[in-house]
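# Examining the three-dimensional arrangement
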Amino acid sequence: MRHIISILLENEPGALSRVANLFSARGYNIESLSVAPTEDASLSRMTLVTRGSDEIIEQITKQLNKLVDVIKLQDLTEGTHVEREMMLIKVRAAGQEREEIMRLVDIFRGRILDVANASYLVELTGTGDKLDAFIKAIDHKSIIEVVRSGALGAMRGERSLRL
């Protein structure tokens, strides 16, 4: 089962490395990882996506909580949450393809960030499934480059990951 784990950790050199090493040493895979400082410059928020049974996820969270840099963590998939991913995709766009791609971008509620003679650079946000659907809708030969952020998430309602 897919889990999104949100971690509040100290914004110190080596913190990310210690988390990654924990996963590597135990043979767990990180599907996506995003880290950035919070409103408090001494803290970072890490969002990682991994897969595993409930027992494996419980083991992962116990091991993460033992790391000195980890202040607090939350498995977002335990409750209702909002999840988003961002993608930049550069596609070939020449002649009649330009209009078709513009319509597709509009349908998926994306934005064209850069227009060149033979290409568009498109920004899309949404769930991973939405971004995958856009990629499938575009002719594979038209894709020049794809850059994805990985999942970000937050709990709905009053629950939050704060000190």
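This structure is a prediction, so every number in the text was calculated from the model and none was measured.

## Observations regarding the side chain of Thr 61
- Position of Thr 61 relative to the elements: it lies in helix 2 (residues 54–66).
- The residues touching Thr 61, leaving out its near neighbours within four places in the chain, are Ile 5 and Leu 73.

## Observations regarding helix 2
- Helix length check: helix 2, at 13 residues, gives a terminal C-alpha distance of 19 Å against a target of 18 Å (1.5 Å per residue), a fit within 8%.
- Turning to helix 2, its buried residues number three or more, namely Ile 57, Ile 60, Thr 61, Gln 63 and Leu 64. All buried residues of helix 2 project into a common sector of 165° when viewed along the axis, lining one side. Counted as exposed and oriented over 90 degrees from the buried face of helix 2: Asp 54, Glu 55 and Lys 66.
- On the buried face of helix 2, the contacting elements are strand 1 (2–10), helix 1 (15–26), strand 3 (43–51) and strand 4 (70–75).

## Remarks on the packing of aromatic side chains
- In the structure shown here, the tally under the stated rule is two aromatic pairs.
- For the ring pair Phe 23 and Tyr 28, a centre distance of 6.3 Å and an interplane angle of 75° mean the geometry is edge-to-face.
- Of the residues examined, Phe 23 reaches a relative accessible area of 1% and is grouped as buried.
- For Tyr 28, a relative accessible area of 21% translates into the label partly exposed.
- Centre to centre, the rings of Phe 108 and Phe 134 are 5.2 Å apart; their planes meet at 85°, and the pair counts as edge-to-face. Here Phe 134 lies in helix 4 (residues 128–137) and Phe 108 lies in the loop between helix 3 (96–107) and strand 6 (111–115), a separation of 26 residues in the sequence. Grouping residues by exposure puts Phe 108 and Phe 134 together as buried.

## A look at the pairing of strand 6
- Pairing analysis gives four bridges linking strand 6 to strand 7 (residues 119–126), with the strands arranged antiparallel. Bridge pairing in strand 7 places Ile 112 opposite Val 122.
- Between strand 6 and strand 7, which pair antiparallel in sequence order, lie three residues.

Conventions and cut-offs
Residues numbered from 1 in each chain as written. Predicted model: local features only at pLDDT ≥ 70, side-chain atom pairs only at ≥ 80, totals over all residues. Heavy atoms only, no water. Helix = DSSP H or I, 4+ residues; strand = E, 2+ residues; numbered from the N terminus. Contact = heavy atoms within 4.5 Å. Expected span 1.5 Å × (residues − 1). Buried < 20%, exposed > 50% of the residue type's maximum accessible area, 1.4 Å probe, protein only. Arc of directions from axis to C-beta. Phe/Tyr/Trp six-rings, centres within 6.5 Å; stacked < 30°, edge-to-face > 60°. Pairing = 2+ DSSP bridges.

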